[in-house]
Amino acid sequence: MVTFQFIPYQEIQQLSSAKRVNKLLNIVKEDRIVIMEGRLRKEEEADLIEITMEEISPKFKGIELSVIYPDKTKQDTLQVVRNTMATILLGDRQGFTIIGPASIVKKIERNPDKIELFTREIARSKLKRR
Amino acid sequence: MVKGFLKGLFKKFNFNLLNKKSHVKLGLYGPPNGGKSTLANRICTDWLGEEMSTVSHIAHETREINVKEQVNIKNKKGKELTFSLVDTPGIATKIDFEEFIKKGMSKVESKKRAKEATKGVIDAIKWLDNMDSVVVVLDATKDPYSQVNITIIGNLQARNIPVLIAANKVDLKKSSIDVVKAAFPQYPVIGISAKYGKNVDEFYEHLFKIAK
């Protein structure tokens, strides 16, 4: 069984960068897959990788991470302006971030408008079928 | 005082009388096994006559930052560019020592390699702030939309560091430069084979454009 935990943007909005990253990582370390509304800042994504590396142990092998985000090149000027205003007022709630433990999530493929999540169990059962 | 003023003025306008830059740090970044160390060796062999890093088919062979000072390259017009070449460990979001065991390493060796590799990733991220220009080395046979690639390039963009994407391994049939170009349309992408030296002259020309 795979457990997903939804994190609405408002739950992390007021947190500092360090607390955001730690909150997400703590959930993942409990073998749950995080689906977060919006995305981390670019620097926070790097921090997430850095802290993940510090936490790696024989039990925790790291994370799989993917962000699905609207392609700004496909938006017209009005949409860009509207989304920029919304981001300034409400924070960057566009898109979704998926973070899963590497022990459960084998890989996440972005292609680029859809996300495919391959779990270790699925990968194993496919191998057995072959 | 006058000397200090002139030094500041030269620095401000990036002015160099010999048309030669020095102390520029050029970083090679990317996911593991993209060919960063092979490219570092190619650059050093072409211009210094010696290799810089060890390479392996097993991921995370480079686990420490390697710096080669005073790499001097020349273009067709005779313009020179001098930089410190920084070969960094591959950035990953997961490191599993059992993967190294599968490649034939002992358990002790594998655990040691995994521990060193995690430190290498942390160091590579910390060194981002020291870079003047970066070549992101991607394996052109693999999916470029991985979040590691996007995070690396996003962080370089946030720091205003000029980026050149080297789509490596174009000697392999599965490679596709077009897919890499489509993934990062806002950056210059050059297809190369660091191993066989394919297109490296064009790659060097591009270095002059980003190492400003």
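Rules and cut-offs
Residues numbered from 1 in each chain as written. Chains lettered and ligands numbered in written order. Predicted model: local features only at pLDDT ≥ 70, side-chain atom pairs only at ≥ 80, totals over all residues. Heavy atoms only, no water. Salt bridge = Lys/Arg side-chain N within 4 Å of Asp/Glu carboxyl O. Helix = DSSP H or I, 4+ residues; strand = E, 2+ residues; numbered from the N terminus. Buried < 20%, exposed > 50% of the residue type's maximum accessible area, 1.4 Å probe, protein only. Patch = residues over 30% accessible without salt bridge, like charges linked within 9 Å, V, L, I, M, F, W, Y side chains within 5 Å. Areas by Shrake-Rupley, 256 points an atom, 1.4 Å probe, with all protein chains shown as cover. Pairing = 2+ DSSP bridges. Axes fitted to C-alpha atoms, helices over the stretch in contact; angles between N-to-C directions. Contact = heavy atoms within 4.5 Å. Phe/Tyr/Trp six-rings, centres within 6.5 Å; stacked < 30°, edge-to-face > 60°. Lys NZ or Arg CZ within 6 Å of the ring centre and 35° of its normal. Expected span 1.5 Å × (residues − 1). Arc of directions from axis to C-beta. Core = buried A, V, L, I, M, F, W, Y, C linked by side-chain atoms within 4.5 Å.

J.: I keep staring at the pattern of salt bridges and nothing clicks. Help me out?
T.: Think of it this way: side chains of opposite charge can pair up when their charged atoms draw near. Counting across every chain of the model gives 20 salt bridges over all chains. Between Arg20 of chain A and Glu44 of chain A there is a salt bridge whose closest N-O contact spans 3.5 Å. Here Glu44 of chain A lies in helix α3 (residues 42–55) and Arg20 of chain A lies in helix α2 (residues 17–29), a separation of 24 residues in the sequence. As a salt-bridge pair, Arg113 of chain B and Glu61 of chain B come within 3.1 Å of each other at their nearest N and O atoms. Linking Arg113 of chain B in helix α4 (residues 107–127) with Glu61 of chain B in the loop between α2 (36–48) and β2 (66–74), this pair joins segments that are 52 residues apart in sequence. Judged by relative accessible area, which is 27%, Glu61 of chain B ranks as partly exposed.

J.: How should a nonpolar patch on the surface be read in this particular structure?
T.: On the surface, Val81, Met85 and Ile88 of chain A cluster together into a nonpolar patch covering about 310 Å² of accessible area. Structurally, Met85 of chain A is set in helix α4 (residues 77–90).

J.: Explanation requested: the sheet that holds strand β3 (residues 63–68) of chain A in the structure shown.
T.: Strand pairing in a sheet takes place through backbone hydrogen bonds and is either antiparallel or parallel in direction. All names here are of chain A. Pairing is mixed across the open sheet formed by 4 strands, whose spatial order is β1-β2-β4-β3. The two strands at the open ends of the sheet, each matched to only one other strand, are β1 (3–7) and β3. Going from strand to strand, the sheet's axes swing by 15° on average, the running direction of each strand aside. Looking at chain direction, strand β2 (residues 32–37) and strand β4 (residues 96–101) are connected through 4 bridges and run antiparallel. Residue pairing in the sheet places Met36 in a bridge with Thr97 of β4. In the packing of α2 onto the sheet, contacts are made with β1, β2, β3 and β4, and the angle to β2 comes to roughly 150°.

J.: Would you explain the sheet that holds strand β5 (residues 163–168) of chain B in this entry?
T.: Residue and element names in this part refer to chain B. Reading across from one edge, β2-β3-β1-β4-β5-β6 is the order of the 6 strands in this open sheet, with mixed pairing throughout. What marks the edges here is a single partner per strand, and that holds for β2 and β6 (189–191). Adjacent strand axes in the sheet meet at a mean angle of 25°, parallel and antiparallel pairs treated alike. The sheet contact formed by strand β4 (residues 133–139) and β5 spans 6 bridges and is parallel. Along β5, the bridge assignment pairs Leu138 with Ala167.

J.: Whenever I open this one, the packing of aromatic side chains confuses me. Can you help?
T.: Aromatic rings in a pair are described by how distant their centres are and how their planes are angled relative to each other. Evaluation of the coordinates by the stated rule reveals 2 aromatic pairs over all chains. Ring geometry for Trp47 of chain B versus Tyr204 of chain B: centroids 5.4 Å apart, planes at 80°, classification edge-to-face. Taken together, the positions of Trp47 of chain B in helix α2 and Tyr204 of chain B in helix α7 (residues 200–210) put the pair 157 residues apart, joining distant regions of the chain. Put simply, the rings of Trp47, Phe203 and Tyr204 of chain B touch in pairs and so form one group of aromatic residues. The ring of Phe60 of chain A has Lys29 of chain A lying over it, and the distance from NZ or CZ to the ring centre is 5.7 Å. When the ring centre of Phe100 of chain B is taken as origin, the NZ or CZ atom of Arg113 of chain B, which lies over that ring, is 5.3 Å away.

J.: For this particular structure, what's the right way to read α2 of chain A?
T.: Because the α-helix completes a turn every 3.6 residues, residues three or four places apart line up on one side. Residues and elements named next belong to chain A. Between the first and last C-alpha of α2 there are 18 Å, a value that for 13 residues agrees with the 18 Å anticipated at 1.5 Å per step. Listed in full, the buried residues belonging to α2 are Arg20, Val21, Leu24, Leu25, Ile27 and Val28. The buried residues of α2 all sit within an arc of 160° when viewed along its axis, so they share a single face. Among the structural elements, β1, α1 (9–13), β2, α3, β3 and β4 are those in contact with the buried residues of α2. The first or second residue beyond α2 is Asp31, which carries a positive phi of 65°.

J.: Can you help me understand unusual backbone geometry in this one?
T.: In this model, Asp31 of chain A sits at a positive phi of 65°, which is unusual for a non-glycine residue. Checked against the element boundaries, Asp31 of chain A lands in the loop between α2 and β2. The class of Asp31 of chain A is partly exposed, set by a relative accessible area of 41%. You will see that Asn199 of chain B, though not glycine, has its phi angle at about 70°, which is positive. Relative to the helices and strands, Asn199 of chain B is located in the loop between β6 and α7.

J.: Whenever I open this one, the nonpolar core confuses me. Can you help?
T.: The tendency in soluble globular proteins is for nonpolar side chains to be buried as a group. Residue and element names in this part refer to chain B. If you look at the biggest cluster of nonpolar residues, it comprises 57 residues, and the most contacted ones within it are Ile91, Val136, Ile165 and Phe184. The element contributing the most residues to this core is α4, with 6 residues. Not counting chain neighbours up to four residues away, the residues in contact with Val136 comprise Tyr29, Ile152, Ile153, Leu156, Val163, Leu164, Ile165 and Ala166. Core analysis: the next-biggest nonpolar cluster, separate from the first, contains 27 residues, Ala40, Cys44, Leu81 and Val135 among them.

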